[in-house]
Amino acid sequence: TTTELELVNVSASWDEGIGELFEKIQQENKSRPPHSDPGMFFTNLYVTPVLRNISLYLEKGHMLAVAGSTGSGKSSLLMMILGELVPSEGKIRHSGRISFSPQTSWIMPGTIRDNILFGLTYDEYRYTSVIKACQLEEDFAEFPEKDKTHLVEGGVTLSGGQRARVGLARCVCKLMASKTRIVVTSKLDHLKRADKILLLHNGDCYFYGTFSELQAKRPDFSALLLGLEAYDNINAERRSSILTETLRRVSIDE
Ligand code: ADP
């Protein structure tokens, strides 16, 4: 059985240990300009939630793409879905099992193909399309035995980028086996393919819906990103800062 997920008006804050909080207040007080109101800092520390009033519904077998500015709460949202962060308000409901695939991927001993299939039966059409989508063709060409090349524990023979692509292919392979998926991404290509998109900015929902709804409801945002040549192909860090800058710009304009 695959999983269904629903969030209804969910808000959450990260708790800070009293000790940590105390230290932070002392530091803030030291760096505080003399004329400012000390109460302000307590307010900031206590009440700023990491996620505010988030609602979404993900059908079984569907894909949700989560994108947003740096520090907007994407990881916190995942932690909440995994049960690590308890909502302070709202309801969260899901059926079935949830697994998490982190950005830095791990490699098990075996061939590259084993590492991608990870127990799934080999289906040539599906496998080839995943390899293309994850841009692994060029990587395979480098190896003496292509995707039949054996990897040792720790994956020392793969570069960081190659490891990430293998991990992604593994994940996408599973995705294609009609699982419900939540992908944190900044690529437009992924947003286009997703059934639903959640765009976060400063803990708020900037947009929730399909890609065509995004273009209709957030035309400025869409036009800015779609107008950037090769946005999807630049490195992830730069793409993420462009997305952050774009969200800042459009949310000030609105
Ligand atoms: P994103 O993944 O979108 O970059 P995060 O969810 O990591 O954003 O961060 C959102 C906010 O929550 C940040 O202010 C960050 O400092 C805070 N935060 C994230 N994880 C924790 C944690 N485990 N404990 C306390 N604060 C956290």
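Heads up: the structure comes first, above all this text.
Residues numbered from 1 in each chain as written. Predicted model: local features only at pLDDT ≥ 70, side-chain atom pairs only at ≥ 80, totals over all residues. Heavy atoms only, no water.

Once that is clear, we can look at the site of the ligand. Every residue near the ligand is listed here: Trp14, Val50, Ser69, Thr70, Gly71, Ser72, Gly73, Lys74, Ser75 and Ser76. Within the contact set of the ligand, an oxygen atom lies 3.2 Å away from a backbone nitrogen or oxygen of Ser72. Residue Gly73 places a main-chain N or O atom 3.0 Å away from an oxygen atom belonging to the ligand. Here the shell around the ligand is composed, by residue class, of two nonpolar, seven polar and one charged. (Near = heavy atom within 4 Å. Polar contact = N/O pair within 3.5 Å; in protein donor to acceptor, adjacent residues only side chain to side chain. Nonpolar A, V, L, I, M, F, W, Y, C, P; charged D, E, K, R; others polar.)

The strand order β7-β3-β8-β9 describes an open sheet built from four strands, whose pairing is mixed. Each edge of the open sheet carries a strand with a single partner, namely β7 (181-184) and β9 (204-209). Within the sheet, the average angular offset between the axes of one strand and its neighbour, ignoring direction, is 20°. In the sheet, strand β8 (residues 196-201) pairs with β9 via five bridges, with the strands oriented antiparallel. Bridge pairing links Ile197 to Gly209 in β9. (Pairing = 2+ DSSP bridges. Helix = DSSP H or I, 4+ residues; strand = E, 2+ residues; numbered from the N terminus. Axes fitted to C-alpha atoms, helices over the stretch in contact; angles between N-to-C directions.)

The subject of this paragraph is the pairing of β8. The element β8 is extensively covered by neighbouring structure, given that five of its six residues are classed as buried. In textbook terms, the turn of a hairpin is the stretch between consecutive antiparallel strands, and for β8 and β9 this stretch comprises two residues, one of which, Asn202, has a positive phi near 50°. (Buried < 20%, exposed > 50% of the residue type's maximum accessible area, 1.4 Å probe, protein only.)

The next thing to look at is the environment of Leu199. Turning to its location among the elements, Leu199 is positioned in strand β8. Through-space distance from the C-alpha of Leu199 to that of Ala65 is 8.4 Å; in sequence the pair is 134 residues apart. Ignoring anything within four residues of it in the chain, the contact list for Leu199 reads Ala67, Gly68, Asp204, Cys205, Tyr206, Phe207, Leu214 and Phe221. (Contact = heavy atoms within 4.5 Å.)

Okay, the sheet that holds strand β4 (residues 89-94) next. As summarised here, the arrangement of the three strands in space is β2-β1-β4, forming an open sheet in which the pairing is antiparallel. If you trace the sheet from one side to the other, it starts and ends with β2 (51-58) and β4, each paired once. Strand-to-strand twist of the sheet, defined as the mean angle between neighbouring strand axes without regard to direction, takes the value 15°. Pairing of strand β1 (residues 5-12) with β2, which is carried by five bridges, proceeds in the antiparallel orientation. Following the sheet pairing, Ala12 is matched in β2 by Leu51. Along the sheet face, helix α3 (residues 74-81) touches β1, β2 and β4 and points at about 120° away from the line of β1.

With that out of the way, let us pick up the nonpolar core. The biggest cluster of nonpolar side chains holds 19 residues, and the ones touching the most others in it are Leu191, Ile197, Leu199, Tyr206, Leu214, Phe221 and Leu243. At the level of elements, β3 (63-68), α8 (188-193), β8, β9, α9 (211-217), α10 (219-226) and α11 (236-253) are the ones that each hand at least two residues to this core. Setting aside residues up to four positions removed in sequence, Leu243 forms contacts with Ala67, Gly68, Ser186, Phe221, Leu225 and Tyr231. (Core = buried A, V, L, I, M, F, W, Y, C linked by side-chain atoms within 4.5 Å.)

Here we take up the pattern of salt bridges. Counted according to the given criterion, the structure contains seven salt bridges. A salt bridge links Asp147 to Arg113; its shortest N-O distance comes to 3.0 Å. With Asp147 in the loop between α6 (137-142) and β6 (150-151) and Arg113 in helix α4 (residues 112-117), this residue pair connects regions lying 34 residues apart in the sequence. Between Glu245 and Arg248 there is a salt bridge, with the nearest N and O atoms lying 3.7 Å from each other. Pair noted here: Glu245 and Arg248 are both in helix α11, with a separation of three residues, about one helical turn. Taken together, the shared-partner salt bridges in this structure form one network comprising Glu4, Glu6 and Arg93. (Salt bridge = Lys/Arg side-chain N within 4 Å of Asp/Glu carboxyl O.)

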